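# Summary of the model geometry
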Amino acid sequence: MEPLLSGEELLRAIRGDRAGGHPLARWAYLLAGLHRAAMRAREEAVVAPENGDERGYLVHAIDVWTEQQVPQHHQGVALHTETLGSVIDRIADAHVRADAVLTTCATAGDPRVHAAWFRLAELVDGYNDLAAQVVDGVRRLPVPAGEGW
């Protein structure tokens, strides 16, 4: 098992394909579910579920797992500004939003559809670059927040 998922594997996990049982796949899927629930609540004009704590827990779990499973090089290695968990959370949110735009626009050619999927592609490209840099030891991630995140 590779230490980190590829961007393509991450997107498949967000959509529900958790083949292989990678922990990041499970957490990405759960994050997307929380983003979907919050979006549904906003659309139905009901009080959004308080899922910030759950999202924080999942982001923290990703960050701790990454710190334990992927060696971090500290001598002279550039520090990334976000943890891997926060990056995966943003990708899950962008995917949920892109799906929603695709299903609510009259045509797939709508500029909003293109913009949403282009944004998701940018985030996934950035994730792929970050994952490769972390695994190769040329970029390190911030230390996960303490238990009180």
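Each value, and the rule that gives it
- Residues numbered from 1 in each chain as written.
- Predicted model: local features only at pLDDT ≥ 70, side-chain atom pairs only at ≥ 80, totals over all residues.
- Heavy atoms only, no water.
- Helix = DSSP H or I, 4+ residues; strand = E, 2+ residues; numbered from the N terminus.
- Contact = heavy atoms within 4.5 Å.
- Buried < 20%, exposed > 50% of the residue type's maximum accessible area, 1.4 Å probe, protein only.
- Arc of directions from axis to C-beta.
- Salt bridge = Lys/Arg side-chain N within 4 Å of Asp/Glu carboxyl O.
- Core = buried A, V, L, I, M, F, W, Y, C linked by side-chain atoms within 4.5 Å.

### Notes on the side chain of D89
With respect to the helices, strands and loops of the structure, D89 is situated in helix 4 (residues 84-104). Excluding its chain neighbours within four sequence positions, the residues that come into contact with D89 are L31, H35, R55 and V59.

### Description of helix 1 (residues 7-14)
Side chains three or four residues apart in an α-helix point the same way, a direct result of the helix having 3.6 residues per turn. Of all the positions in helix 1, only G7, L10, L11, A13 and I14 are classed as buried. End-on view of helix 1: buried residues confined to an arc of 160°, all on one side of the axis. As for helix 1, its buried residues are in contact with helix 2 (23-43), helix 4 and helix 5 (111-136). Looking one or two residues beyond helix 1, the residue adopting positive phi is G16, at roughly 115°.

### Some details on the pattern of salt bridges
What the rule picks out here adds up to seven salt bridges. For D93, the salt bridge goes to R97, with nearest N and O atoms at 3.0 Å. Of this pair, D93 and R97 both sit in helix 4, four residues apart, roughly one helical turn. Take R97: its relative accessible area is 42%, and that puts it in the partly exposed class. Salt bridges sharing common partners tie together E8, R12 and D17.

### Focus on the nonpolar core
Ranked by internal contacts, the top residues of the largest apolar core, which has 36 residues, are L4, L10, L24, L84, I88, I91 and Y127. Only helix 1, helix 2, helix 3 (52-69), helix 4 and helix 5 provide two or more residues apiece to this core. Excluding anything up to four places from it in sequence, L4 contacts E9, H22, L24, W65, T66, V70, L84, Y127, A131 and V135.

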